[in-house]
Amino acid sequence: MGEQANHEKREGEHVREGGRGGQPLLLGVIGDPIQHSKSPAMHTAALEACGLTGAYLPFHVKGKRLEEAIRGIRALGFRGINVTVPHKVEVMNYLDRIDEGARLIGAVNTIVNDDGVLTGYNTDGIGYIRSLKEEAAPALEGKRVLVLGSGGAARGIVYALLQERPGLVTIANRTAGKARELAAEWAHLGSLSGRGMEELDAVLPEVDLIINTTSVGMHPHVGDCPLDSRQIPEGIVVSDLIYNPLKTELLQQAEVRGCTVHSGLGMFVYQGAYAFEHWTGRTAPVEAMRAAVLESMHP
Ligand code: ATR
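Just so it is clear, the model here is predicted, and its values are computed rather than measured.

Draft legend 1. Highlighting the side chain of Asp99. Within the secondary structure layout, Asp99 lies in the loop between strand 4 (97–98) and helix 4 (100–105). There is no salt bridge for the buried Asp99, and the closest opposite charge comes from Arg103, which lies 8.6 Å off by N-O distance. Within the local environment of Asp99, its side chain forms a polar contact with the backbone nitrogen of Gly101, the two atoms lying 3.0 Å apart.

What follows is the structure in structure tokens.
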């Protein structure tokens, strides 16, 4: 992918103990709201673990100030910015370049400033897949995967998943038409099928992996489950993008059925790891980042 190629190009470069010309490395995250973001704690820990001088701060940016905020990245000499809800789509209008994956997904969560040239990437999907492979399902090639949901999060996940050459990806959504549209849009990228949630009886017995990208089961609705858990095949891998709670109702039910479970915490950590690697050219200190997120959730 474009992200990786770009990263490799920069690997050989000399990285100073901070930003360019010995300046501190300036990083941050913009969103609305932003006060509950765990990214500042996570990236501050990453900078410290790598001995880099710099700062990563949260910025509360309203929609009407987004363009100004992006211009400010160049003016103030920020090296990088993460973009979160609700700006991931609109921000694409204000960047100089957009990585191919981010363009297809239709959203940017990471901006890199190379001497005033702003490039947008999407590290959510590849971050999720890196976490899934390291923590729960090392081999995805040929696997039959069921993705629940077809919104923004699902687009990132499905795009990154297709790079792993799964056997079949079924996208199931409450609004079936949206799942079918996404399956049709990316039919050239792999074997995809779109369904309604009520059409899963024939699909579920055949799946090796279920990924929930919907918000069903997220705090405070912790008792909700996106599908009838009795239909989950025993012993498969079940993954949920939600990380509050760390173990959703879906994952608890899957565990009872002897499944390997995977929570959204890893996705959050690894999307941050890819962003950090884009900005610094260094391997991200993933364990320090994970520990900082857990600490900020349960101080
Ligand atoms: P995100 O960026 O988190 O994916 P989104 O683009 O708003 O957010 O997409 C939310 C997804 O969760 C959609 O697939 C949505 O289904 P619909 O397209 O039918 O709206 C799904 N979703 C949200 N709440 C849901 C619920 N209570 N039951 C089933 N699906 C739900």
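Draft legend 2. Structural view of the UniProt feature "active site" (unreviewed entry) in the protein. The feature "active site" (unreviewed entry), as given by UniProt, occupies Lys88 in the numbering adopted here. What Lys88 contacts, discounting residues up to four positions off in sequence, is Val83, Ala107, Val108, Asn109 and Asp124.

Draft legend 3. Local environment of the site of the ligand. Taken together, Gly149, Ser150, Gly151, Gly152, Ala153, Asn173, Arg174, Thr175, Lys178, Thr214, Ser215 and Val216 make up all the residues around the ligand. A distance of 2.9 Å separates an oxygen atom of the ligand from a polar atom in the backbone of Ser150. Across the complex, the protein chains shield 60% of the 640 Å² of accessible surface that the ligand would expose by itself.

Draft legend 4. Geometry of the packing of aromatic side chains. Tallying each qualifying case throughout the model produces four aromatic pairs. On the numbers, 6.2 Å between centres and 45° between planes, the contact of Tyr56 with Trp279 is tilted. Of the two residues, Tyr56 sits in strand 2 (residues 54–60) while Trp279 sits in helix 9 (residues 265–280), which places them 223 residues apart along the sequence. In this structure, Tyr56 and Trp279 share a single accessibility class: buried. Seen from their ring centres, Phe59 and Phe78 are 5.8 Å apart, and the 75° between their planes marks the pair as edge-to-face. Of this pair, Phe59 sits in strand 2 while Phe78 sits in the loop between helix 3 (66–76) and strand 3 (80–83); the two residues are 19 residues apart in sequence, bridging distant segments of the chain.

Draft legend 5. Layout of the layout of surface pockets. Its volume calculated, the largest pocket comes out at about 1400 Å³. Every residue lining the largest pocket is counted, 42 residues in all, and those nearest its centre are Thr84, Val85, Lys88, Tyr243 and Phe268. Looking at the lining of the largest pocket, the elements with two or more residues in it are strand 3, helix 6 (152–162) and helix 9. Among the residues making up the lining of the largest pocket, the classes are represented as 19 nonpolar, 19 polar and four charged.

Draft legend 6. Expanded view of the UniProt feature "binding site: shikimate" (unreviewed entry) in the protein. With numbering aligned to this structure, UniProt lists the feature "binding site: shikimate" (unreviewed entry) at Ser37, Lys38, Ser39, Thr84, Asn109, Asp124, Tyr243 and Gln271. Residues from the annotated list that form part of the lining of the largest pocket: Ser37, Lys38, Ser39, Thr84, Asn109, Asp124, Tyr243 and Gln271. Mapped onto the fold, Ser37 is located in the loop between strand 1 (25–31) and helix 2 (39–50). Residue position: Gln271 is located in helix 9. When neighbours within four sequence positions are excluded, Gln271 is seen to be in contact with Met42, Asn82, Asn109, Thr123, Asp124 and Gly127.

Draft legend 7. Inspection of the sheet that holds strand 9 (residues 192–196) at higher detail. Ordered by their spatial adjacency, six strands build an open sheet running 9-8-7-10-11-12, and the pairing between neighbours is parallel. Each of the sheet's edge strands pairs with one partner strand only, and the pair in question is strand 9 and strand 12 (260–262). Shown here is a sheet whose adjacent strand axes are inclined to one another by a mean of 20°, direction ignored. As paired strands, strand 8 (residues 168–173) and strand 9 are joined by five bridges and run parallel to one another. Across the sheet, Val169 pairs through a bridge with Leu192, a residue of strand 9. Helix 6 contacts strand 7 (144–148), strand 8, strand 9 and strand 10 (209–212) of the sheet and is inclined by roughly 170° relative to strand 7.

Draft legend 8. Highlighting unusual backbone geometry. A cis amide bond links Asp32 to the next residue, Pro33, at an omega of 5°. Along the chain, Pro33 falls in the loop between strand 1 and helix 2. With an omega of 5°, the peptide bond between Val85 and Pro86 qualifies as cis. Structurally, Pro86 is set in the loop between strand 3 and strand 4. The residue Asp115 is not glycine, and still its phi comes out positive at about 50°. Notably, Arg165 is not glycine yet its phi reads approximately 55°, a positive angle.

Draft legend 9. The arrangement of the environment of Leu168 in detail. Considering the arrangement of structural elements, one finds Leu168 in strand 8. Classification of Leu168 by relative accessible area gives partly exposed; the value is 31%. In this structure, the C-alpha to C-alpha distance between Leu168 and Glu198, residues 30 residues apart in sequence, is 19 Å. Other than its neighbours up to four places away in sequence, Leu168 contacts Lys143, Arg144, Val145, Ser191, Leu192 and Ser193.

Draft legend 10. Representation of helix 5 (residues 124–135). With twelve residues, helix 5 should cover 16 Å at 1.5 Å per step; its first-to-last C-alpha distance of 16 Å lies within 8% of that length. Burial runs high along helix 5: nine of the twelve residues are buried. Residues Asp124, Gly125, Ile126, Gly127, Tyr128, Ile129, Arg130, Ser131 and Leu132 constitute the buried set of helix 5.

What counts and how
- Residues numbered from 1 in each chain as written.
- Predicted model: local features only at pLDDT ≥ 70, side-chain atom pairs only at ≥ 80, totals over all residues.
- Heavy atoms only, no water.
- Helix = DSSP H or I, 4+ residues; strand = E, 2+ residues; numbered from the N terminus.
- Buried < 20%, exposed > 50% of the residue type's maximum accessible area, 1.4 Å probe, protein only.
- Lys, Arg positive; Asp, Glu negative; His and termini not counted.
- Salt bridge = Lys/Arg side-chain N within 4 Å of Asp/Glu carboxyl O.
- Polar contact = N/O pair within 3.5 Å; in protein donor to acceptor, adjacent residues only side chain to side chain.
- UniProt positions renumbered as here; feature names shortened; annotations may be inferred.
- Contact = heavy atoms within 4.5 Å.
- Near = heavy atom within 4 Å.
- Areas by Shrake-Rupley, 256 points an atom, 1.4 Å probe, with all protein chains shown as cover.
- Phe/Tyr/Trp six-rings, centres within 6.5 Å; stacked < 30°, edge-to-face > 60°.
- 1 Å grid on protein atoms, 1.4 Å probe; cavity = no way out; pocket = protein on both sides within 12 Å on 5 of 7 lines; lining within 4 Å.
- Points joined across faces, edges and corners; volume = space filled by probe spheres on them.
- Nonpolar A, V, L, I, M, F, W, Y, C, P; charged D, E, K, R; others polar.
- Pairing = 2+ DSSP bridges.
- Axes fitted to C-alpha atoms, helices over the stretch in contact; angles between N-to-C directions.
- Expected span 1.5 Å × (residues − 1).

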